[in-house]
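Here is what each chain is made of, one letter per residue.
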Amino acid sequence: MSIRAIIAGTGSALPARRVTNDELAQTVDTSDEWIVERTGIRARHIAAEGETTATLGAEAARKALAAAGIDAAAIDLIVLATATPDQTFPATATKVQDALGIRDCVAFDVAAVCSGFLYALSVADSMIRGGVARTALVIGAETFSRILDWEDRATCVLFGDGAGAVVLTTGDGADGRGILSTALHADGRHNQLLYVDGGPSTTGTVGKLRMKGSEVFRHAVTNLAAVLGEALEKAGLTVADVDWVVPHQANRRILDATARKLGLPAERVVVTVDEHANTSAASVPLAFDVAVRDGRIQRGDLIVFEAMGGGFTWGAAVARF
Ligand code: COA
């Protein structure tokens, strides 16, 4: 037996405002038919003034703590994945810490765009297994609506805002539960395929999202299938052992193509992209929480998380819930 990070509870948060494709088509040259056919997206939530990455992250964290039955005071580590922090600094994790009333803990952000939650989970898992932390909040939270170019119909219809969180506790693995493996990758040669055209050290502006969609699509299917297989192999498992895949929710066609490539039945893939669109680092923990709360995912199920994003970065994790 060895020290393991156990997923004790999940939570998520969405902005109140839900925007359908038809509503978008009133201001963007697009249609519900085009968006549904190419992406599977039907609606997304868009943050209002005052709703930020930190407020959404804190709400998701509170729900995850409640689900785990753990008091915020027990948290000794917050890792928050985001590409849309409230400010360049301080880390949004420290704003969540303050909102939760936690007086002292380790708190920092991780930037790996849509793979951010996988990176954050892997960092927190390592810190728990290394004995540096015992009870962690791992959060993915984004307000991508604030970095979208609403004149660019090829990107602005694809993204939404939201947050998801998990509470990790320390266990001995005796019951088989916990994070069993993680696998992470990055290939910076492709950073011009999906990026933001601004930043504090270059233009001094926040910038807008730019993407070469069809090229991202091609890399996504190959990388996701490979890293999912790699994480399973590290855990000594195969696709046949998997109860649920909780993938990054970018595009229905990417989810279907990846499942086909792996020989995974579509019924074992959690899909929320229709209602949330692509919420970047929030998408995996948000989809996970939805499937836990609606009863699809049960305690003891074997879950694979996977994501790919700008950089490129990509990763997967295997956990028994
Ligand atoms: N509404 C209507 N038409 C649109 C449109 C929209 N919102 N966006 C683009 N189009 C048009 C284009 O102008 C183009 O028209 P043209 O042929 O007259 O020039 C046509 O649709 C096809 O565009 P293209 O970009 O080639 O479409 P596609 O089939 O590649 O689908 C994406 C576009 C973005 C849906 C697809 O490439 C994709 O999902 N890529 C992956 C993106 C992703 O998931 N990124 C995040 C990873 S973290």
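The text that follows walks through the structure, step by step, so that each part is easy to find.

So, how was this worked out
- Residues numbered from 1 in each chain as written.
- Predicted model: local features only at pLDDT ≥ 70, side-chain atom pairs only at ≥ 80, totals over all residues.
- Heavy atoms only, no water.
- Disulfide = S-S within 2.5 Å.
- Pairing = 2+ DSSP bridges.
- Helix = DSSP H or I, 4+ residues; strand = E, 2+ residues; numbered from the N terminus.
- Axes fitted to C-alpha atoms, helices over the stretch in contact; angles between N-to-C directions.
- Contact = heavy atoms within 4.5 Å.
- Core = buried A, V, L, I, M, F, W, Y, C linked by side-chain atoms within 4.5 Å.
- Buried < 20%, exposed > 50% of the residue type's maximum accessible area, 1.4 Å probe, protein only.
- Domains from an automatic or database assignment.
- Phe/Tyr/Trp six-rings, centres within 6.5 Å; stacked < 30°, edge-to-face > 60°.
- Lys NZ or Arg CZ within 6 Å of the ring centre and 35° of its normal.
- Parallel < 35°, antiparallel > 145°, perpendicular 65-115°, else oblique.
- Left-handed = near helix turned anticlockwise from the far one by under 90°.
- Nonpolar A, V, L, I, M, F, W, Y, C, P; charged D, E, K, R; others polar.

**Considering the state of the cysteines**
Scanning the entire structure with this criterion turns up zero disulfides. Free cysteine: Cys114, not disulfide-bonded; nearest cysteine sulfur from Cys156 at 16 Å.

**Observations regarding the sheet that holds strand 8 (residues 178-186)**
Strand order in this open sheet of four strands is 8-13-12-11, and the pairing throughout is mixed. Both outer strands of the open sheet, strand 8 and strand 11 (244-247), are each paired with one neighbouring strand and no more. With direction set aside, neighbouring strand axes in the sheet form an average angle of 15 degrees. Strand direction decides the pairing type here: strand 12 (residues 302-309) and strand 13 (residues 313-320), joined by eight bridges, are antiparallel. Looking across to strand 13, one finds that Gly309 is bridged to Thr313. Running at roughly 125 degrees to strand 8, helix 5 (residues 116-129) makes contact with strand 8, strand 12 and strand 13 of the sheet.

**A word on the nonpolar core**
In terms of nonpolar packing, the biggest core is built from 45 residues, with Val157, Leu232, Val304 and Val318 touching the most fellow members. Looking at this core, the elements with two or more residues in it are helix 7 (213-234), helix 8 (252-262), strand 12 and strand 13. By residue number, the principal contributor to this core is helix 7, which donates eight residues. The two domains that each donate at least three residues to this core are domain 1 (4-171) and domain 2 (178-320). Every residue in contact with Leu232, bar those within four places of it in the chain, is listed here: Leu237, Thr238, Val239, Val242, Val304 and Val318. Ranked by size, the runner-up nonpolar core spans 37 residues in total, among them Ala81, Phe117, Ala124 and Val270.

**Overview of the packing of aromatic side chains**
This model, assessed by the stated rule, comprises four aromatic pairs. Aromatic pair Phe117 and Phe305: ring centres 6.5 Å apart, planes at 75 degrees, arrangement edge-to-face. Residue Phe117 is found in helix 5, and its partner Phe305 is found in strand 12; the two are separated by 188 residues along the sequence. Summarising the burial analysis for this pair, Phe117 and Phe305 share the class buried. Relative to Phe305, the ring of Phe288 lies with its centre 4.9 Å away and its plane at 85 degrees, an arrangement referred to as edge-to-face. Remark: Phe305 occurs in strand 12 and Phe288 occurs in helix 10 (residues 283-293); sequence separation between them is 17 residues. Across the pair, Phe305 and Phe288 agree in class, each one buried. Members of the aromatic cluster, each reached through a chain of ring pairs, are Phe117, Phe288, Phe305 and Phe321. Taking NZ or CZ as reference, Arg299 lies 3.9 Å from the ring centre of Phe321, over its face.

**A short note on the packing of helix 3 (residues 53-68) against helix 4 (residues 92-99)**
It is at 9 Å that the axes of helix 3 and helix 4 come closest, and there the two elements cross at 55 degrees. On the basis of the axis angle, helix 3 is oblique to helix 4. Viewed along their axes, helix 3 and helix 4 form a crossing whose handedness is right-handed. Listed contacts from helix 4 to Thr53, Ala54, Gly57, Ala58, Ala61 and Arg62 of helix 3 are Thr92, Lys95, Val96 and Ala99. Here the residues of the contact of helix 3 with helix 4 are counted per class, giving five nonpolar, three polar and two charged.

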